[in-house]
Amino acid sequence: MGARNGRRFLEEMDNKRREVWYGNEKITYNITKHPAFKGISQTLAKLYDLQYDPDLIDIMTYVSPTSGERVGMSFLQPKTKEDLEKRTRMIKIWADYSFGLLGRTPDYLNSALMAMASAAEFFGKGKIDFAENVRKYYEYVRENDLCLTHTLINPQVNRSVTSPSKLPDPYIAARVVEKTSEGVVIRGARMLATLPLADEILVFPSTVLKSGQDDAPYAMAFALSVDTPGLKFICRESFAHNSTFDHPLSSRFDEQDAVVVFDDVLVPWERIFILEEPEKCNIYAEATGAVIFMAHQALVREISKCEFVVGLATLIAETIGIDQYLHIQEKIAELIMLTESMRAFLIASEANAKLNKWGILMPDPTFLHAARNLWPRVAHKLNLVIRQLGASGLMAIPPFEVMNSEIKQYVDKYYQAKLANAEERIKLFKLAWDFIGTSFGSRQDLYEYFFFGDPVRMASNFYNWYTKKDEFKNRVKDFLSEIK
């Protein structure tokens, strides 16, 4: 079937049966028409339509090596620097469309799956050979241009326990119940599945598991269609709004997040990648390069987000006439420094890319690990500067209806700005408020902080992984030894 367009995406989403719970409402069909999913559905459809834009088709797609159909560029297994650059260009176009506000556009998990399939041998070395499962699943997703969500972590019932097996009910965290001739039965829950509007869900290991019999039932990686019996999604409150004037971002880009319940779900053997091997679960992301290609996609998206905020901050400053002040220029300059620093990480990672053991040209992990550790520590700066520039003006923005009211003459007079009439200024400040002040904006801030997990644990892992520190330490020791 090859690369999707928007119409096909919407039709296939609506025709796929699922069990998505929004409050006391169960959504089974026509999910793209539900108010909580309509905006994001239309946005994703437009992303898929870009794959058929005559000016972009060679950037967004390539010819499948098996079917001869055009497929999404995010599935490309890079062998050369040109291939890597092709992936980056495609990712950037999708990221720019949403200003980097969508963390789960399909290219994110496509990138992970691409790397896993390239390293299929990794999944073949263990109790059961699952290598062919990974290869076939990657090809299936690629040829049908499927949209994936995924879930990683256990429910936050009691985080003081050292293992999910120590919880009061061993089936709170999703785990193996039994094995049958058809597959493996899973019971329990996982969080957090962003973009439950999807064709399939990947269940990946995330938190470190202890080796041993107690944790083995929780050690697994597999894929399922969202229409699998017993699979349930419980959604948070929607941040999407109907008014694109009052909520220009959340009305389009609220991805939705959900807890996933596995009510004795049967996972067919051909959809399993890892089973009851904690040590393999703990190393798969690094060993296959999946985390590197996910970090690469995320970094491109983060650059788009930084560029958006530089543009927004500059426009606010110029519109209300504060751009000539030195402290305002300093704040926007800090945003520019952050933007170009993130871009430098990307350029360096690609310039130093090397073939990994699986024959895939992989961006330099050092720069990508540095970028993904820096991001949660600096992303809040994007919000902070917009708050500081907009100040009380961010709280003095009336709803759209005032533009058609008998008081409009006062609105026109008192809401104008140096370089904008009242309506233009209100639209600009609503955009800023939706980014930093609404529920959608708060979710963005929290989401970026924990995007790759707990920043403290990530930093600890980076500290232990970064071997160059021994070289630097020895330089200091050599210098000290020369002091008499």
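Shown above is the structure to which this text applies.
Residues numbered from 1 in each chain as written. Predicted model: local features only at pLDDT ≥ 70, side-chain atom pairs only at ≥ 80, totals over all residues. Heavy atoms only, no water.

1. Description of the overall build of the protein chain
Counting its secondary structure elements, the protein chain contains 17 helices and 14 strands. Taken against the 2.2 N^0.38 rule, which gives 23 Å for 484 residues, the C-alpha radius of gyration of the protein chain at 24 Å falls within 12% of a compact globule. By its C-alpha atoms, the protein chain is 80 × 75 × 50 Å across when sized along the principal axes. In the protein chain, the share of contacts with a sequence separation of at least 24, taken over all contacts with a separation of at least 6, comes to 75%. Carbon and sulfur atoms form 54% of the exposed surface of the protein chain, whose accessible area is close to 21,600 Å². Of the charged side chains in the protein chain, 59 are positive and 63 negative, and the gap between their average positions amounts to 3 Å. (Helix = DSSP H or I, 4+ residues; strand = E, 2+ residues; numbered from the N terminus. Rg over C-alpha atoms; globule rule 2.2 N^0.38 Å. Contact = heavy atoms within 4.5 Å. Areas by Shrake-Rupley, 256 points an atom, 1.4 Å probe, with all protein chains shown as cover. Lys, Arg positive; Asp, Glu negative; His and termini not counted. Charge placed at Lys NZ, Arg CZ, Asp CG, Glu CD.)

2. A few points about unusual backbone geometry
With an omega of 10°, the peptide bond between Met 191 and Leu 192 qualifies as cis. Relative to the helices and strands, Leu 192 is located in strand β7 (residues 183-194). The backbone phi angle of Asp 264 is positive, close to 50°, even though this residue is not glycine. Position of Asp 264 relative to the elements: it lies in strand β11 (residues 257-268). In this structure Asp 264 comes out as partly exposed when scored by relative accessible area, which is 38%. (Buried < 20%, exposed > 50% of the residue type's maximum accessible area, 1.4 Å probe, protein only.)

3. Digging into the sheet that holds strand β9 (residues 220-225)
Across the sheet, which stays open at both edges, the 4 strands sit in the order β5-β8-β9-β12 with mixed pairing between neighbours. Looking at the sheet topology across the chains shown, the edges are occupied by β5 (148-151) and β12 (272-275). On average, adjacent strands in this sheet sit at an angle of 20° to one another, irrespective of strand direction. When β5 meets strand β8 (residues 200-203), the two strands line up parallel, connected through 4 bridges. (Pairing = 2+ DSSP bridges. Axes fitted to C-alpha atoms, helices over the stretch in contact; angles between N-to-C directions.)

4. Considerations on the layout of surface pockets
Here the second largest pocket defines a volume of roughly 340 Å³. In terms of lining, the second largest pocket is formed by 18 residues, of which the most central are Lys 38, Gly 39, His 241, Ser 251 and Arg 252. The set of elements that each furnish at least two residues to the lining of the second largest pocket consists of α2 (38-49) and α7 (250-253). Its residues placed into classes, the lining of the second largest pocket shows 6 nonpolar, 9 polar and 3 charged. (1 Å grid on protein atoms, 1.4 Å probe; cavity = no way out; pocket = protein on both sides within 12 Å on 5 of 7 lines; lining within 4 Å. Points joined across faces, edges and corners; volume = space filled by probe spheres on them. Nonpolar A, V, L, I, M, F, W, Y, C, P; charged D, E, K, R; others polar.)

5. Here we look at the environment of Ser 251
When you line up the elements, Ser 251 lands in helix α7. Considering only alpha carbons, one finds Ser 251 and Phe 37, 214 residues apart in sequence, at a separation of 9.5 Å. Excluding anything up to four places from it in sequence, Ser 251 contacts Gly 39, His 241, Ser 243 and Thr 244. There is a polar contact of 2.6 Å between the side chain of Ser 251 and the backbone oxygen of His 247. (Polar contact = N/O pair within 3.5 Å; in protein donor to acceptor, adjacent residues only side chain to side chain.)

6. Topic: a nonpolar patch on the surface
The grouping of Val 476, Phe 479, Leu 480 and Ile 483 at the surface amounts to a nonpolar patch, some 410 Å² of accessible area in total. Looking at the element boundaries, Ile 483 is found in the segment after α17 (468-482). (Patch = residues over 30% accessible without salt bridge, like charges linked within 9 Å, V, L, I, M, F, W, Y side chains within 5 Å. Salt bridge = Lys/Arg side-chain N within 4 Å of Asp/Glu carboxyl O.)

7. Examining the sheet that holds β11
Sheet architecture is open: 6 strands sit in the order β2-β1-β10-β11-β7-β6, paired in mixed fashion. In this open sheet, the two strands that pair with only one neighbour each are β2 (25-27) and β6 (175-179). If you compare each strand with its neighbour and ignore which way they point, the axes differ by 20° on average. Taken together, the 3 bridges between strand β1 (residues 20-22) and β2 define a ladder with antiparallel strand orientation. Bridging from a neighbouring strand, Trp 21 pairs with Lys 26 of β2.

8. Quick look at helix α11 (residues 365-378)
Between its first and last C-alpha atoms α11 spans 20 Å; for 14 residues at 1.5 Å apiece the expected length is 20 Å, and the two agree. Where burial is concerned, most of α11 is hidden: 10 out of the 14 residues are buried. By the N-cap criterion, in which a side-chain oxygen at the helix start approaches the backbone nitrogen of a residue two or three places on, α11 is capped by Asp 364, the distance to Thr 366 being 2.9 Å. (Expected span 1.5 Å × (residues − 1).)

9. Here's the deal with the pattern of salt bridges
Considering all chains together, one arrives at 30 salt bridges under this definition. Here Asp 58 ties to Arg 70 by a salt bridge, and the two come within 2.8 Å at their closest N and O atoms. Pair noted here: Asp 58 is in helix α3 (residues 57-60) and Arg 70 is in strand β4 (residues 70-72), with a separation of 12 residues, a long-range link. A relative accessible area of 55% means that Asp 58 is categorised as exposed. Of the charged contacts, one joins Asp 257 and Arg 236 as a salt bridge, the two residues approaching to 2.7 Å between their closest N and O atoms. Pair noted here: Asp 257 is in strand β11 and Arg 236 is in the loop between β10 (231-235) and α7, with a separation of 21 residues, a long-range link.

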